[in-house]
Amino acid sequence: MKKVFATVAAAITMMALPVAGYADAHTVKCANGSYNIETVDQDYFGEGPDAEKEYDDYCQELAEIVCREHGDVPR
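Because the structure is a prediction, the values reported are computed rather than measured. (Residues numbered from 1 in each chain as written. Predicted model: local features only at pLDDT ≥ 70, side-chain atom pairs only at ≥ 80, totals over all residues. Heavy atoms only, no water.)

Moving on, we come to the pattern of salt bridges. Pairing of side chains with opposite charge becomes possible as their charged atoms draw close. The final tally for this structure, using the stated rule, is 1 salt bridge. Salt-bridge contacts for Lys53 lead to Asp57; the nearest nitrogen and oxygen are separated by 3.0 Å. Within this pair, Lys53 and its partner Asp57 are both found in helix α2 (residues 49-69), separated by 4 residues, close to a single helical turn. (Salt bridge = Lys/Arg side-chain N within 4 Å of Asp/Glu carboxyl O. Helix = DSSP H or I, 4+ residues; strand = E, 2+ residues; numbered from the N terminus.)

Counted according to the given criterion, the structure contains 3 aromatic pairs. Seen from their ring centres, Tyr44 and Phe45 are 5.4 Å apart, and the 85° between their planes marks the pair as edge-to-face. Accessibility expressed as a relative area gives 16% for Phe45, which makes it buried. The interplanar angle of 65° and the centroid separation of 5.7 Å between the aromatic rings of Phe45 and Tyr55 together place this pair among those described as edge-to-face. (Phe/Tyr/Trp six-rings, centres within 6.5 Å; stacked < 30°, edge-to-face > 60°. Buried < 20%, exposed > 50% of the residue type's maximum accessible area, 1.4 Å probe, protein only.)

A word on the state of the cysteines. Scanning all chains against the criterion turns up 1 disulfide. Between the sulfur atoms of Cys30 and its disulfide partner Cys67 the distance amounts to 1.8 Å. Torsion about the S-S bond of the Cys30 and Cys67 cystine: about -95°, corresponding to left-handed handedness. Linking Cys30 in strand β1 (residues 23-30) with Cys67 in helix α2, this pair joins segments that are 37 residues apart in sequence. Here Cys30 matches Cys67 in class, with each residue buried. (Disulfide = S-S within 2.5 Å.)

Confidence along the protein chain averages 78 in pLDDT terms, with 71% of residues attaining 70 or more. No element of the protein chain has a lower mean pLDDT than helix α1 (residues 2-16), which averages 56, and none a higher one than α2, which averages 90. (pLDDT = per-residue confidence, 0-100.)

Glancing now at the nonpolar core. Val28, Cys30, Leu62, Ala63, Val66 and Cys67 together form the largest nonpolar core, which totals 6 residues. Within the residue set of this core, elements represented by two or more residues are β1 and α2. Sort the elements by how many residues they give to this core and α2 lands first, with 4 residues. Excluding its chain neighbours within four sequence positions, the residues that come into contact with Val28 are Gly33, Ser34, Tyr35, Ile37, Ala63, Val66 and Cys67. In this structure, Val40, Ala51, Tyr55 and Cys59 belong to the second largest nonpolar core, which totals 5 residues. (Core = buried A, V, L, I, M, F, W, Y, C linked by side-chain atoms within 4.5 Å. Contact = heavy atoms within 4.5 Å.)

Looking now at the side chain of His26. Checked against the element boundaries, His26 lands in strand β1. His26 sits in the buried class, given a relative accessible area of 18%. Other than its neighbours up to four places away in sequence, His26 contacts Tyr35, Asn36, Ile37, Thr39, Tyr55, Cys59 and Leu62.

Here's what the structure looks like:
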């Protein structure tokens, strides 16, 4: 069992390493509360109007996922 947890932890760590330099705190606001999560910084998406829209879309999708996991909807 320890081997399984070690393997899963290593896989998660390896996936997280490329975005570690872009980590940022983000507050997801749901109808019944807010949740602080760590996610990628806006700089991860680059610069320009397309990057800003992509970041906004990412934040909206992230809010829907987090709120749904808590039985809620974004506000």
